[in-house]
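This is what each chain is made of:
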Amino acid sequence: MAPSTVICIGMAGSGKTTFMQRLNSHLHAKKTPPYVINLDPAVLKVPFGANIDIRDSVKYKKVMEEYNLGPNGAIVTSLNLFSTKIDQVIKLVEKRSESVQNVIIDTPGQIECFIWSASGAIITEAFASTFPTVVAYIVDTPRNSSPTTFISNMLYACSILYKTKLPMIIVFNKTDVKKADFAKEWMSDFEAFQSALKNDQELNGEDGTSSGYMSSLVNSMSLMLEEFYSQLDVVGVSSYTGEGFDEFLSAVDNKVDEYNEYYKAERDRILKKKEEDEKKRQAKSLNKLMKDMDLKDKQNKDTEVLSDYEDEEDDNNGEVVRDEDEPEREYTFPEDRNSEVNEHTDADLQARYQAAFDQTSKSASTDTAEKIAAYIRR
Ligand SMILES: Nc1nc2c(ncn2[C@@H]2O[C@H](COP(=O)(O)OP(=O)(O)OP(=O)(O)O)[C@@H](O)[C@H]2O)c(=O)[nH]1
């Protein structure tokens, strides 16, 4: 069976790397060691043994120096360079697909460098088209206890779901500091979120969040997000204590089923449609080409050029064939009709020219002849 792939995405400091480390050790403890991939080129230390590490292929600092880039530009460029080898990466993972049940991938904390870059899309697409793939969106629970911060984070998660079109699990991390119950309640009960928002506005009355514009915006956003929440699995975990990781793994199984049932069918449909569209496009351009060639043939018939004759076989020994409908021509010698000209000998020709000359020429007047003779004698 193909291993399921979990792509861990989250804002910087949400605890992605610590989550990866805990997940890795949790799966090792269950005797199902995962295949681990690190896609963060800027990380200094990876606290888990990565099977594939982007830092082995691309040197982040050198990319910065060589291309004269800032930190985010260098991350994007490193990912671009790495994405050129993605088919090799997929082959390496495929080789292990018999022995490995899970592939887990860590991504850069600068989400936009991964999610909104071409290379991020290429990497995600490569995995998603080969293995059942799930996105785990890691949230820093204590930092999201304010309703406005929470809703901003959820909007971000929504845009990632929209971009990747993959099943998503929201992972509320750091539950050892703050339990995720409040977040789960806000996601399932709109009124609970409304009252939390009201309390928050009363507490922060002076900082502008209480304005009518903000509260009506947050209200309408939370209504819109209800549909988004219905697509998600939500779990609370602590990467420190290991709490909630079994629940996380069953959420992955759940999403893998969903992937096979819905996303894979949808992907296959999109791929099939792409193929059909491509075939149609090819057929259309072939038709166009054939039409163009036909037109060209016709044009060639209308406008003859010297080269058209060069290749023609010369069956007439250099003699021009007369068109049947060619208008009657006046021949110098009427008996030359029917191309008899070649049959005459030089002596014949001489005699016939002489005869024609005698017929047409006039004798000069004696008066003129006398004048010429007098002129010559002078
Ligand atoms: N209390 C508590 N702290 C945690 C937990 N997980 C991570 N942390 C802390 O959160 C901070 C950030 O953790 P990282 O794992 O480095 O976060 P990250 O998202 O990988 O960060 P970037 O690599 O910068 O994107 C560290 O100080 C961790 O010790 C947790 O479950 N509980």
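Let me sum up the structure you'll find in this document. Being a predicted model, the structure only gives us computed values, none of them experimental.

## Points about unusual backbone geometry
Then comes step 1: The backbone of asparagine 68 sits at a positive phi, close to 55°, despite the residue not being glycine.
Then comes step 2: Here asparagine 68 lies in the loop between α3 (60-66) and α4 (71-83).
Then comes step 3: A positive phi angle is found at lysine 174, which is not glycine, with a value near 65°.
Then comes step 4: Note on placement: lysine 174 falls in the loop between β6 (168-173) and α9 (181-188).

## Observations regarding the pattern of salt bridges
Then comes step 1: As enumerated under the stated definition, the model contains eleven salt bridges in all.
Then comes step 2: A salt bridge links lysine 30 to aspartate 246; the shortest N-O distance between them is 3.4 Å. Here the residue lysine 30 occupies a position in the loop between α1 (16-29) and β2 (35-38), and aspartate 246 occupies one in helix α12 (residues 245-302), the gap between them amounting to 216 residues.
Then comes step 3: We note a salt bridge from arginine 281 to glutamate 278, for which the minimum N-O separation is 2.8 Å. Residue arginine 281 and its partner glutamate 278 are located together in helix α12, separated by three residues, close to a single helical turn.
Then comes step 4: Residues participating in the shared-partner salt-bridge network are Asp140, Arg143 and Lys174.

## Some points on the environment of glutamine 110
Then comes step 1: Checked against the element boundaries, glutamine 110 lands in the loop between β4 (102-106) and α6 (111-115).
Then comes step 2: Once the C-alpha coordinates of glutamine 110 and lysine 274 are considered, the two residues, 164 residues apart in sequence, prove to be 32 Å apart.
Then comes step 3: In this structure glutamine 110 touches Asn72 and Ile75, once residues within four positions along its chain are discounted.

## A short note on the side chain of serine 4
Then comes step 1: Structurally, serine 4 can be placed in strand β1 (residues 4-10).
Then comes step 2: Residue classification places serine 4 among the buried positions, given a relative accessible area of 9%.
Then comes step 3: Dropping the residues within four chain positions of it, serine 4 is found in contact with Gln101, Asn102, Val103, Pro132, Val252 and Val256.

## As for the nonpolar core
Then comes step 1: Core analysis: the largest hydrophobic core is formed by 60 residues, its most contacted members being Ile37, Phe127, Met168 and Ile170.
Then comes step 2: Sorting elements by how many residues they give to this core places helix α8 (residues 147-164) first, with seven residues.
Then comes step 3: Residues within four places of methionine 168 in sequence aside, it is in contact with Val135, Tyr137, Ala157, Ile160, Leu161, Phe228, Gln231, Leu232, Asp233 and Lys255.

## Some points on α8
Helical periodicity: at 3.6 residues per turn, an α-helix aligns residues three or four positions apart in one direction.
Then comes step 1: Compared with the 26 Å implied by 1.5 Å per residue over 18 residues, the 26 Å span of α8 between its first and last C-alpha is a close match.
Then comes step 2: Within α8 the residues assigned to the buried category are Pro147, Thr148, Phe150, Ile151, Asn153, Met154, Ala157, Cys158, Ile160, Leu161 and Thr164.
Then comes step 3: Immediately downstream of α8, the backbone of lysine 165 shows phi near 55°, a positive value.

## Regarding the site of the ligand
Then comes step 1: In the neighbourhood of the ligand, 16 residues make up the surrounding shell, with Thr17, Thr18, Asp176, Ser239 and Tyr240 lying closest.
Then comes step 2: A distance of 2.9 Å separates an oxygen atom of the ligand from a polar side-chain atom of lysine 16.
Then comes step 3: A distance of 2.8 Å separates an oxygen atom of the ligand from a polar atom in the backbone of serine 239.
Then comes step 4: The fraction of the free accessible surface of the ligand (650 Å²) that becomes covered by protein chains is 70%.
Then comes step 5: In terms of residue count, α1 provides more of the shell around the ligand than any other element does, three residues in total.
Then comes step 6: Residues belonging to the shell around the ligand are distributed by class as follows: four nonpolar, nine polar and three charged.

Conventions and cut-offs
- Residues numbered from 1 in each chain as written.
- Predicted model: local features only at pLDDT ≥ 70, side-chain atom pairs only at ≥ 80, totals over all residues.
- Heavy atoms only, no water.
- Helix = DSSP H or I, 4+ residues; strand = E, 2+ residues; numbered from the N terminus.
- Salt bridge = Lys/Arg side-chain N within 4 Å of Asp/Glu carboxyl O.
- Contact = heavy atoms within 4.5 Å.
- Buried < 20%, exposed > 50% of the residue type's maximum accessible area, 1.4 Å probe, protein only.
- Core = buried A, V, L, I, M, F, W, Y, C linked by side-chain atoms within 4.5 Å.
- Expected span 1.5 Å × (residues − 1).
- Near = heavy atom within 4 Å.
- Polar contact = N/O pair within 3.5 Å; in protein donor to acceptor, adjacent residues only side chain to side chain.
- Areas by Shrake-Rupley, 256 points an atom, 1.4 Å probe, with all protein chains shown as cover.
- Nonpolar A, V, L, I, M, F, W, Y, C, P; charged D, E, K, R; others polar.

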